[in-house]
Amino acid sequence: ALMVEGFQAGQGSMEALSNGLGIARAWLSIATSPGGASGLPVWKYPTSLCSPGPCRGTAIDGDEDAVLGLIYLAAALQYPPDFVEWVMKLVIAFAAVDLGFPDLFRSLPDGTRVFVPKGGSEWGGLAPPSGQFATTKHPWCYGPSYFAPAHYRVFRDFVAYRWEPHFNSYLPSRLSGEATSSE
């Protein structure tokens, strides 16, 4: 819904802008509720509906659509700095929590290194058949429905055109501790 309202707001619909901002507020309240992962909402809300265990992780498919809608809302609002900063934090949180930025490569059992983003905060990407990060689904597989390259191009362009130097402090470090950048 947030993505669709963002698209319509981008086309000049004041009703969609109002609806989109309302949905954005609701999305933010879920993202800041107990169990939210790094500024993104949990994948099922309210979490009391989760069975048998807690819903702590994020859902890449919903998050990428919501962030895309927020970028369109930012454009419809003519990029106010406070809104841009909030959306930028969400782009970074999405990239870090859902995709695994900045360490987006995985090693297959034969040693091949491949680029594969995760499918959410608890969905490990190319998950092995056993061990700490074992999958309950098919090992070494990645659901293509979780990959939205057109969205990622919009995110990239938003970052390229709206980046401010103080946003660097929001970027995560690599697993090695090395600093990252928006470039």
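Residues numbered from 1 in each chain as written. Predicted model: local features only at pLDDT ≥ 70, side-chain atom pairs only at ≥ 80, totals over all residues. Heavy atoms only, no water.

**Q** For this particular structure, what's the right way to read the side chain of T180?
**A** Mapped onto the secondary structure, T180 falls in the segment after α5 (149-162). At a separation of 2.6 Å, a polar atom in the side chain of T180 contacts the main-chain carbonyl oxygen of P172. Not counting chain neighbours up to four residues away, the residues in contact with T180 comprise F101, P102, L171, P172, S173 and R174. (Helix = DSSP H or I, 4+ residues; strand = E, 2+ residues; numbered from the N terminus. Polar contact = N/O pair within 3.5 Å; in protein donor to acceptor, adjacent residues only side chain to side chain. Contact = heavy atoms within 4.5 Å.)

**Q** Sorry if this is basic, but what is going on with the packing of helix α1 (residues 2-10) against helix α2 (residues 14-31) here?
**A** Two packed helices can be described by the angle between their axes and the distance between those axes. Where α1 contacts α2, the axes come no closer than 8 Å and their chain directions differ by 145°. Handedness of the crossing formed by α1 with α2: left-handed. In this structure, α1 contributes L2, E5, Q8 and A9 to the contact, and α2 contributes A16, L17, N19, G20, I23 and A24. Looking at the contact of α1 with α2, its residues break down into 6 nonpolar, 3 polar and 1 charged. (Axes fitted to C-alpha atoms, helices over the stretch in contact; angles between N-to-C directions. Left-handed = near helix turned anticlockwise from the far one by under 90°. Nonpolar A, V, L, I, M, F, W, Y, C, P; charged D, E, K, R; others polar.)

**Q** I'm lost on the nonpolar core in this one. Help?
**A** The biggest cluster of nonpolar side chains holds 37 residues, and the ones touching the most others in it are V67, L70, V87, V91, F155 and F158. For this core, the secondary-structure elements that each account for two or more residues are α1, α2, α3 (60-76), α4 (81-99) and α5. Looking at this core element by element, the count peaks at 12 residues for α4. When near neighbours in sequence (up to four residues on either side) are disregarded, V87 contacts L70, I71 and F158. (Core = buried A, V, L, I, M, F, W, Y, C linked by side-chain atoms within 4.5 Å. Buried < 20%, exposed > 50% of the residue type's maximum accessible area, 1.4 Å probe, protein only.)

**Q** What am I meant to see in the environment of G69 here?
**A** Relative to the helices and strands, G69 is located in helix α3. Through-space distance from the C-alpha of G69 to that of G10 is 9.3 Å; in sequence the pair is 59 residues apart. Those residues in contact with G69, other than ones at most four positions away along the chain, are L2, M3 and G6.

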